[in-house]
Amino acid sequence: MDITRLRDETPGCAVVNHLNNAGSSLPTRRTLDATLDHLRLEAEIGGYEAADQAHERIEAFYPSAARLIGARPDEIAFIENATRAWDMAFYSLDFAPGDRILTCRSEYSSNYISYLQVARRTGAEIVPVPDDAQGQIDVQALADRLDKRAKLISISHVPTQGGLVNPAAAVGKVARAAGVPYLLDACQSVGQMPVDVDAIGCDFLSATGRKYLRGPRGTGFLYARRETTARLEPVFLDNHAARWTGASAYEVRDDARRFENWERYYGGILGLAAAMDQATALGLDAIWTRVQALGGALRERLARVPGVMLTDLGAVKCGIVTFALKEGKHEAIRAALRERSINVSISTKFSSRLDMDGRGLEDVIRASVHIYNTEDEFDRFVDALQAARRALA
């Protein structure tokens, strides 16, 4: 990769040392132009008229997303964020007393709250599958817990609180063998590593635009395998997802767009399509190679700093690097770094309570890298981290 060119076409690289890509990464000028040009067109000729004029480019979003994850265009729905995409899949499933939802201990809080709500309403049971020795979901333990009561397997590919990459394809193999639907939260994985829904074997996959895809905020998508979608009716319908065919009749769309709603962020659709096309052109294998190398380089630097405890688990680690300081003060450290134009974030136990409580962690500092980051930025980050610790001592 031409890193100088990558940084030159990313305006934010001249302003900040951005190590918060798992929160929201820096977009390129191409993504900015695609989004802002459409917003300007809406201002000049009207929103409906601008959508009509950009119709072919808007429709190109679906094959762009499909190419990215090895799906078919009719299996893609544009959704305003990954959480709502995940919700549209999860809440469209019917649960009954005794049904079991199998998940991982590193599961994200929004997803787990949904499990709790459905369990309370329906009498379904939540089954957290134990971790293996490396901290990822134990695939054999998952297989041992699959029986006729299993209604859904639902895990996060990459948890929000660390660099762990769960073995999504191995989970998919178990799910297919048991005939159990499989929902994968891929909001932290799509864009930083190759993701192929056929190889993984998931029935649903949710993704966001703002993280590793480098798209606009307020954008995301849902993958819904056609064979699964054909027998599901979404929890919400409108006159885009379905047709009103008679005074007391309606027909649901026969593709994944049944999970969409009529009002959408058209500038965001175009911006996300531009971002996805750039990622595809760069090559997800190449992106993944660089992100893993950068993540490893940052961990090596932090491991040499006294009082720093790295907290990433997993046999495979990604570009999310998390650590705790002996003296704590993580929020104050984050604020001090921001004053130096260095962006990191904090993951608290409220974002993944089973995992964090199980490891005795209240919170961790999360520094997440992307292809445009450099090792010089890591050196400046570590120096600033040490200076901030001294100032707060």
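Keep in mind that what you see is a predicted model, and the values were worked out from it rather than measured. (Residues numbered from 1 in each chain as written. Predicted model: local features only at pLDDT ≥ 70, side-chain atom pairs only at ≥ 80, totals over all residues. Heavy atoms only, no water.)

(A) Highlighting the overall build of the protein. Counting secondary structure elements, the protein contains 16 helices and 15 strands. A globule of 393 residues ought to have a C-alpha radius of gyration of about 21 Å, and the protein, at 21 Å, matches this closely. Once the C-alpha set of the protein is aligned to its principal axes, its extents read approximately 70 × 55 × 30 Å. Per-residue burial for the protein yields a buried fraction of 56% across its 393 residues. (Helix = DSSP H or I, 4+ residues; strand = E, 2+ residues; numbered from the N terminus. Rg over C-alpha atoms; globule rule 2.2 N^0.38 Å. Buried < 20%, exposed > 50% of the residue type's maximum accessible area, 1.4 Å probe, protein only.)

(B) How the structure looks around empty space enclosed by the protein. Across all of its chains, the model carries two cavities of 30 Å³ or more by this definition. The space that makes up the largest cavity amounts to roughly 110 Å³. R214, A275, Q278, A279 and L282 are, among the 15 residues lining the largest cavity, the residues nearest its centre. Partitioned by chemical class, the residues of the lining of the largest cavity number eight nonpolar, five polar and two charged. The volume enclosed by the second largest cavity comes to roughly 50 Å³. What lines the second largest cavity is simply S106, P159, Q161, G162, G163, L164, T311, D312, L313, D355 and R359. Tallied by class, the residues present in the lining of the second largest cavity amount to three nonpolar, five polar and three charged. (1 Å grid on protein atoms, 1.4 Å probe; cavity = no way out; pocket = protein on both sides within 12 Å on 5 of 7 lines; lining within 4 Å. Points joined across faces, edges and corners; volume = space filled by probe spheres on them. Nonpolar A, V, L, I, M, F, W, Y, C, P; charged D, E, K, R; others polar.)

(C) Expanded view of the layout of surface pockets. In this structure, the largest pocket occupies an estimated 400 Å³ of space. Every residue lining the largest pocket is counted, 27 residues in all, and those nearest its centre are Y108, T160, C187, R210 and K211. Among the elements of the structure, α6 (82-90), β7 (204-208) and β14 (345-348) are those that each provide at least two residues to the lining of the largest pocket. Here the residues of the lining of the largest pocket are counted per class, giving eight nonpolar, 13 polar and six charged. By volume, the second largest pocket amounts to about 310 Å³. Y48, A51, D52, R264 and Y266 are the residues nearest the centre of the second largest pocket, which is lined by 14 residues in total. Secondary-structure elements contributing two or more residues to the lining of the second largest pocket are α3 (47-53) and α4 (55-59). At four residues, α3 tops the list of elements feeding residues into the lining of the second largest pocket. Counted by class, the lining of the second largest pocket contains six nonpolar, two polar and six charged residues.

Don't take any of this as a statement about function, it's just geometry.
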